[in-house]
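An overview of the molecular structure
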Amino acid sequence: MLFRSHLPLYRQSTIFARHGAEIAESTLCDWVKDAAELLQPVVAAMKASVLASHVVQSDDTGITVLDKNTANGSRYSFLWAYVGDRDEVLFDFTVGRGRDGPRNFLGDFRGSLQVDAYAGYDAVLKQNRIVDVGCWAHARRRFFKALDSDKANAAAALEMIRRLYEVEHEAKEHGLDADGLRELRQRVSRVVLDEMRPWLEALRPHVLPKSPMGDAIGYALRQWGPLTRFLDDGRLAIDNNRVERQMRTVAVGRKNWMFAGSIEGGHRAATIYSLVCTCGLLGIEPWAYLKDVLQRLAEGSDPAPLTPRLWNAVRTTPA
């Protein structure tokens, strides 16, 4: 309920009491702690699967964490999400937003990494020779913000981006595989982008660099290489909206539970969010999964086959 329905533990304790079950908030905290410790090896097995992906999408969001060692009693920390090829999402907690977060998590990953233009990823991209894939949703947002100050040019840019997304919708409607999608992008999307880049370059000297339109143009041109990488590989998405949708779960929860009670609590949240959100991607009921897996782990079962994907595969494979 804490990580799926976003009910803080003190509210759950109150709800249980109304139904005649007196369960102290501290007891619920201990249950979350013990469950997260049992589940950590399962998440470690899932991490290996995510890092074996051809492409990983990543994003991050901030959360407040109580910390008595700081001047104001709290610190602003971060949850990072990483989505792989197999409908699995891993969350990682860090006390700051520095480059060590993605660098430590990604380790020796050598595939494609789809992210926004945050500089914190630069070190791991260069060190590991990872292929940097851009996000057209991030680029589009900048042009959308420019509508109020430069409606004509911003609208023209948004129209070109709309045409790119039409290609993606068409491919989905026709069920194209990676090769078919690549061919369609080469035939249609590349024409749009070959038109868009010289238009942006010609427009750039005529707008203020720090204006919304100047910012949008600067972002698109600086990121042109990563933004156009999807043309050559049908396995790459046009944006990283998939991972951003996973971050919304944290954003909704954050409005309810407000903060993590400790740094350790941040790590526990990352563990449980990884499993709950992966269950969501795979269409698994989290309660059924966690109830079964926690029982198996308590009985000493090997955690490696108990990731949501593998657990579900056993149950959906015909006898």
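Keep in mind that this is a model prediction, so the values were computed, not measured.

The rules behind these values
- Each chain carries its own residue numbering, running from 1 in the direction its sequence is written.
- Local features in a predicted model are, by the rule used here, given only for residues with pLDDT of at least 70; side-chain atom pairs are given and counted only at 80 or more, and totals for whole chains, interfaces and linings are based on all residues.
- With hydrogens and water stripped out, all remaining heavy atoms of the structure feed into the side-chain values.
- The numbering of helices and of strands both runs from the N terminus, where a helix is a DSSP run of H or I of at least 4 residues and a strand a run of E of at least 2.
- What a helix should span is 1.5 Å times the count of its residues minus one.
- Relative accessible area decides the class of each residue, using a 1.4 Å probe on protein chains only: under 20% of the type maximum gives buried, over 50% gives exposed, and in between gives partly exposed.
- To be clear, the arc concerns the directions from the helix axis to the C-beta atoms.
- Each residue gets a pLDDT score, which is the predictor's confidence in that residue and runs from 0 to 100.
- Should DSSP find at least two bridges between two strands, the strands are taken to pair.
- Note on geometry: axes are C-alpha line fits, over the in-contact stretch for helices, and angles between N-to-C directions span 0 to 180 degrees.
- Just so you know how the angles are binned, under 35 degrees is roughly parallel, over 145 roughly antiparallel, 65 to 115 roughly perpendicular, and the rest oblique.
- Left-handed describes a crossing whose near helix is turned anticlockwise from the far helix by less than a right angle; the clockwise case is right-handed.
- By definition in these notes, contact holds between two residues if any of their heavy atoms fall within 4.5 Å.
- Following the grouping adopted for this structure description, the nonpolar residues are Ala, Val, Leu, Ile, Met, Phe, Trp, Tyr, Cys and Pro, the charged ones are Asp, Glu, Lys and Arg, and the polar ones are all others, Gly among them.
- Nitrogen and oxygen atoms within 3.5 Å of one another constitute a polar contact, given that in protein one can donate a hydrogen and the other can accept it, and given that sequence-neighbouring residues count only through two side-chain atoms.
- Salt bridges, as used here, are contacts in which a Lys or Arg side-chain nitrogen is within 4 Å of a carboxyl oxygen on Asp or Glu.

**Looking at helix H12 (residues 286-298)**
Counted at 1.5 Å a residue, the expected span for H12 with its 13 residues is 18 Å, and the 18 Å between its end C-alpha atoms agrees. Regarding H12, the residues found buried are Pro 286, Tyr 289, Leu 290, Val 293 and Leu 297. Projection of H12 onto a plane perpendicular to its axis shows the buried side chains occupying an angular sector of 90 degrees, all on one side. Among the exposed residues of H12, those oriented more than 90 degrees off its buried face are Trp 287, Lys 291 and Ala 298.

**Details of the confidence of the model for the protein chain**
Confidence in the prediction for the protein chain averages 89 pLDDT; 94% of positions are at 70 or higher. Looking across the protein chain, the model is least confident in helix H1 (residues 9-18), with a mean pLDDT of 71, and most confident in helix H7 (residues 178-203), with 98.

**A short note on the pairing of strand S1 (residues 55-66)**
For S1, the buried fraction is high: 10 of the 12 residues fall into the buried class. Relative to strand S4 (residues 112-114), S1 runs parallel, the two being bridged by three bridges. By the bridge assignment, Val 55 is partnered in S4 with Ser 112. Relative to strand S2 (residues 74-83), S1 runs antiparallel, the two sharing 10 bridges. In the strand pairing of S2, Asp 60 is matched with Trp 80. Direction of pairing for S1 relative to strand S6 (residues 259-260): parallel, over a ladder of two bridges. Bridge pairing links Val 65 to Ala 260 in S6.

**Some remarks on the packing of helix H2 (residues 25-51) against helix H11 (residues 263-282)**
In a packed pair of helices, the relevant descriptors are the angle between the two axes and the axis-to-axis distance. One way to put it is that H2 packs onto H11 with a least axis distance of 8 Å and a crossing angle of 60 degrees. Relative to H11, the element H2 lies oblique. Read as a crossing pair, H2 and H11 show a hand that is left-handed. For the pair H2 and H11, the contacting residues are Val 32, Lys 33, Ala 36, Leu 39, Gln 40, Val 42, Val 43 and Met 46 in the first and Arg 268, Thr 271, Ile 272, Ser 274, Leu 275 and Thr 278 in the second. Partitioned by chemical class, the residues of the contact of H2 with H11 number eight nonpolar, four polar and two charged.

**Description of the packing of H2 against H12**
Interhelical geometry of H2 versus H12 gives an angle of 90 degrees and a closest axis separation of 10 Å. Taken as axis vectors, H2 and H12 run roughly perpendicular relative to one another. In this structure, H2 contributes Ala 35, Leu 38, Leu 39 and Val 42 to the contact, and H12 contributes Tyr 289, Leu 290, Val 293, Leu 294 and Leu 297. Among the residues forming the contact of H2 with H12, the class breakdown is nine nonpolar, no polar and no charged.

**Re the environment of Arg 309**
Position of Arg 309 among the secondary structure elements: in helix H13 (residues 308-316). Sequence separation between Arg 309 and His 169 is 140 residues, and the spatial gap between their C-alpha atoms is 27 Å. Non-local contacts of Arg 309, meaning those with residues more than four positions away in its chain, are made with Ser 49, Arg 86, Glu 88 and Leu 282. Of the polar contacts made by the side chain of Arg 309, one reaches the side chain of Glu 88; its length is 3.3 Å.

**Regarding the pattern of salt bridges**
Per the counting criterion, the structure on display carries 18 salt bridges. Its salt-bridge partner being Asp 100, residue Arg 103 comes within 2.3 Å of it at the nearest N-O pair. Taken together, the residues span about one helical turn, with Arg 103 and Asp 100 both in helix H3 (residues 100-106) at a distance of three residues. Overall, Arg 103 belongs to the partly exposed group, its relative accessible area being 28%.

**Here's the deal with unusual backbone geometry**
Of note, Asp 87 is a non-glycine position whose phi angle comes to about 60 degrees, a positive value. Secondary-structure assignment places Asp 87 in the loop between S2 and strand S3 (89-94).

**Focus: the side chain of Ser 49**
Tracing the sequence through the fold places Ser 49 in helix H2. Owing to a relative accessible area of 10%, Ser 49 belongs among the buried residues under this scheme. There is a polar contact of 3.3 Å between the side chain of Ser 49 and the side chain of Arg 309. Residues in contact with Ser 49, not counting those within four places in the same chain, are Arg 86, Glu 88 and Arg 309.

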